[in-house]
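Chain by chain, the residues:
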Amino acid sequence: MSETMFTETMLSVAGVSVAYGDRTVLDDVNLDVPAGSITAVLGPSGCGKTTLLRAIAGLEPITAGTITIAGETVSDDRRRVAPEHRDVGLVPQDGALFPHLTVRRNIGFGLRSRAGRNDRVEEMIALVGLGEVADRRPGKLSGGQRQRVALARALAPAPALIGLDEPFSALDAGLRTRLRSEVGRLLRQYGATALLVTHDPVEALALADQVVVLLDGRVRQTGTPEEVYVNPADDRVGELFGDLNRIVIDGQVHVVRPHEIRLAQVDPGTGQTLGTVAAVEFRGSYHSVFVEPVGEGAALSVVVPAAETVPALGTEVAVELAAVAV
Ligand SMILES: Nc1ncnc2c1ncn2[C@@H]1O[C@H](COP(=O)(O)OP(=O)(O)OP(=O)(O)O)[C@@H](O)[C@H]1O
């Protein structure tokens, strides 16, 4: 966890399974979300992320296990509390706003009691910074504005838990990054407890206190962003976060990230790992350089900052661990 100490568990998913017909899509899933924190469920398409969120929201029956929200058991083998009584706010993938209602009325939609409704709506509009477009309908908003309305609508009733389903996937790259940090800031400012499901490792690492890696309907690893990135439970988890290199130094195999190795001048007789530059891809602030090792092994992926010179294709280079390099 980050600096904050989380004590109360706001969401507990214990031994939960879900099946569609005779096909099990969630198998004995366990996760706890501490109050006031953000947990990301990360996994590739089809691993069961949306199903998990739907089960938590009460939209999907479970076949085994228990779901507890704010101390109340909402799903187990005997009971399934209706979605509207679960105290969960959902931000679906496409925002799912009501097209015929203004921003203001969309945000106020889930507020049952009239008392204080207007004040609450204005508070939410201010929180997400949509004052200037509050009387527009969703069709007249940008994608980023629509997602902020969806977030405000989910937050308005002050639910125990906010569930976000790939909330940035429909947005272009620049807006995605901007909105991601903005939503992270809003959730923290608000003290919300959130479960974010995503296939995007950057999103999970950037936003979450805790990352739960879901593969084929099973939790493969749970940890802080640093833990799952630096010490993946196995290769499949490691590969979710991008290139993994296996580099042999003095007969020992090191499994390292691209930024943990670097290119060096070939120094004969030193037992370096040698290879030739097989491909170079420009990635904006850095180049990804792929080195085909001499002898066996897959190409090594090395990060070279854009300000540094990139060797030409075919150049013979040495690859060494950045940590031991001098
Ligand atoms: N209503 C349904 N009936 C039958 N199978 C379903 C149903 N909904 C989802 N599935 C299947 O269950 C599996 C998990 O789907 P789910 O949508 O939860 O995955 P996901 O990780 O959210 O994927 P994506 O990121 O593509 O949305 C998939 O194989 C999917 O095809």
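Residues numbered from 1 in each chain as written. Predicted model: local features only at pLDDT ≥ 70, side-chain atom pairs only at ≥ 80, totals over all residues. Heavy atoms only, no water.

**Student:** Quick question: what am I supposed to make of the side chain of Glu 166 here?
**Tutor:** Residue position: Glu 166 is located in the loop between strand S7 (161-165) and helix H5 (173-190). In this view, Glu 166 contacts Lys 49, Gln 93, Val 197, Thr 198 and His 199; residues no more than four positions away in its chain are not counted. (Helix = DSSP H or I, 4+ residues; strand = E, 2+ residues; numbered from the N terminus. Contact = heavy atoms within 4.5 Å.)

**Student:** Before we go on, may I ask you to explain the sheet that holds strand S13 (residues 261-264) in this structure?
**Tutor:** Spatial ordering of the open sheet is given by S13-S17-S14-S15-S16, a layout of 5 strands whose pairing is antiparallel. Bordering the open sheet on either side are S13 and strand S16 (300-305), each of which pairs with just one other strand. Across the sheet, the axes of successive neighbouring strands diverge by a mean angle of 45 degrees, strand direction being ignored. As paired elements, strand S14 (residues 273-282) and strand S15 (residues 286-293) share 7 bridges and run antiparallel to each other. Across the sheet, residue Ala 279 finds its bridge partner in S15, namely Phe 290. (Pairing = 2+ DSSP bridges. Axes fitted to C-alpha atoms, helices over the stretch in contact; angles between N-to-C directions.)

**Student:** Explain the nonpolar core to me, please; I cannot follow it from the model alone.
**Tutor:** Across soluble globular proteins, you tend to see nonpolar side chains buried next to one another. One finds Ile 107, Leu 151, Leu 155, Ile 162, Leu 164 and Leu 187 to be the most contacted residues of the largest nonpolar core, which totals 44 residues. With 6 residues, helix H4 (residues 143-155) is the largest single contributor of residues to this core. With near-sequence residues (within four places) excluded, Leu 155 lies in contact with Arg 120, Met 124, Leu 127, Ile 162, Leu 187, Tyr 190 and Ala 192. Counting 29 residues, the second largest nonpolar core, distinct from the first, contains Ile 69, Val 88, Leu 161 and Leu 195. (Core = buried A, V, L, I, M, F, W, Y, C linked by side-chain atoms within 4.5 Å. Buried < 20%, exposed > 50% of the residue type's maximum accessible area, 1.4 Å probe, protein only.)

**Student:** Sorry, what's going on with empty space enclosed by the protein here?
**Tutor:** Take a probe with the size of a water molecule and roll it over the atoms, and the empty space left behind shows itself. As enumerated under the stated definition, the model contains 1 cavity of 30 Å³ or more in all. A volume near 40 Å³ is recorded for the largest cavity. Residue lining of the largest cavity: Val 91, Gln 147, Leu 151, Leu 164, Pro 167, Phe 168 and Val 183, and that is the complete set. A per-class count over the lining of the largest cavity returns 6 nonpolar, 1 polar and no charged. (1 Å grid on protein atoms, 1.4 Å probe; cavity = no way out; pocket = protein on both sides within 12 Å on 5 of 7 lines; lining within 4 Å. Points joined across faces, edges and corners; volume = space filled by probe spheres on them. Nonpolar A, V, L, I, M, F, W, Y, C, P; charged D, E, K, R; others polar.)

**Student:** Looking at this structure, I do not really get H4. What am I missing?
**Tutor:** An α-helix turns once every 3.6 residues. As a result, residues three or four positions apart point the same way. The first and last C-alpha atoms of H4 sit 19 Å apart over 13 residues, in line with the 18 Å expected at 1.5 Å per residue. Restricting attention to buried positions, one finds in H4 the residues Gly 144, Gln 145, Gln 147, Arg 148, Val 149, Ala 150, Leu 151, Ala 152, Arg 153, Ala 154 and Leu 155. (Expected span 1.5 Å × (residues − 1).)

**Student:** Whenever I open this one, a nonpolar patch on the surface confuses me. Can you help?
**Tutor:** Together, Val 248, Val 253 and Val 255 line one region of the surface with nonpolar side chains, adding up to about 250 Å² of accessible area. Examined against the element boundaries, Val 255 turns out to sit in strand S12 (residues 252-256). Of the residues examined, Val 255 reaches a relative accessible area of 46% and is grouped as partly exposed. (Patch = residues over 30% accessible without salt bridge, like charges linked within 9 Å, V, L, I, M, F, W, Y side chains within 5 Å. Areas by Shrake-Rupley, 256 points an atom, 1.4 Å probe, with all protein chains shown as cover. Salt bridge = Lys/Arg side-chain N within 4 Å of Asp/Glu carboxyl O.)

**Student:** What is the right way to read the packing of helix H3 (residues 117-128) against H5 from this model?
**Tutor:** Each pair of packed helices gets described by two things: the angle between the helix axes and the distance between those axes. Packing of H3 against H5 brings their axes to within 10 Å, and their N-to-C directions diverge by 135 degrees. The pairing of H3 with H5 is recorded here as oblique in orientation. Touching Arg 120, Met 124, Leu 127 and Val 128 of H3 are Glu 182, Leu 186, Gln 189 and Tyr 190, all from H5. Looking at side-chain class alone, the contact of H3 with H5 contains 5 nonpolar, 1 polar and 2 charged residues. (Parallel < 35°, antiparallel > 145°, perpendicular 65-115°, else oblique.)

**Student:** Teacher, can you tell me more about the pairing of S7 here?
**Tutor:** Side-chain positions along a regular strand alternate between the two faces of the sheet. With respect to burial, S7 is a largely interior element, 5 of its 5 residues being buried. Burial along S7 is two-sided: Leu 161, Gly 163 and Asp 165 facing one way and Ile 162 and Leu 164 facing the other are all buried. Across 4 bridges, strand S6 (residues 88-91) lies against S7 in parallel orientation. When the sheet's bridge partners are listed, Leu 90 is paired in S7 with Gly 163. Relative to strand S8 (residues 194-198), S7 is paired through 4 bridges, and the arrangement is parallel. Looking across to S8, one finds that Gly 163 is bridged to Leu 195. As a crossover connection, the stretch from S7 through H5 into S8 is right-handed. (Right-handed = clockwise from strand over helix to strand, strands pointing away.)

**Student:** What is the right way to look at the sheet that holds strand S5 (residues 72-75) in this model?
**Tutor:** In sheet architecture, strand pairing relies on hydrogen bonds along the backbone and comes in two forms, parallel and antiparallel. If you walk across this open sheet you meet the 4 strands as S2-S1-S4-S5, and the pairing is antiparallel. The open sheet has two edge strands with one neighbour each: strand S2 (23-34) and S5. Put simply, the sheet's adjacent strands are angled 25 degrees from each other on average, direction ignored. Where strand S1 (residues 9-20) meets S2, 8 bridges bridge the pair, whose relative direction is antiparallel. Note on S2: the bridge partner recorded for Val 16 is Val 29. The strands touched by helix H1 (residues 49-57) are S1, S2, strand S4 (64-69) and S5; relative to S1, the strand with the most contacts, the crossing angle is about 115 degrees.

**Student:** I keep staring at the site of the ligand and nothing clicks. Help me out?
**Tutor:** The environment of the ligand is made up of Tyr 20, Arg 23, Val 25, Pro 44, Ser 45, Gly 46, Cys 47, Gly 48, Lys 49, Thr 50, Thr 51 and Glu 166. Between the ligand and the protein, one listed contact pairs an oxygen atom with a side-chain N or O atom of Arg 23 at 2.9 Å. With respect to the ligand, the backbone of Gly 48 contributes an N or O atom lying 3.0 Å from an oxygen atom. Relative to its unbound accessible surface of 630 Å², the ligand loses 59% to contact with the protein. Listing elements by their share of the shell around the ligand, those giving two or more residues are S2 and H1. Considered class by class, the residues forming the shell around the ligand number 4 nonpolar, 5 polar and 3 charged. (Near = heavy atom within 4 Å. Polar contact = N/O pair within 3.5 Å; in protein donor to acceptor, adjacent residues only side chain to side chain.)

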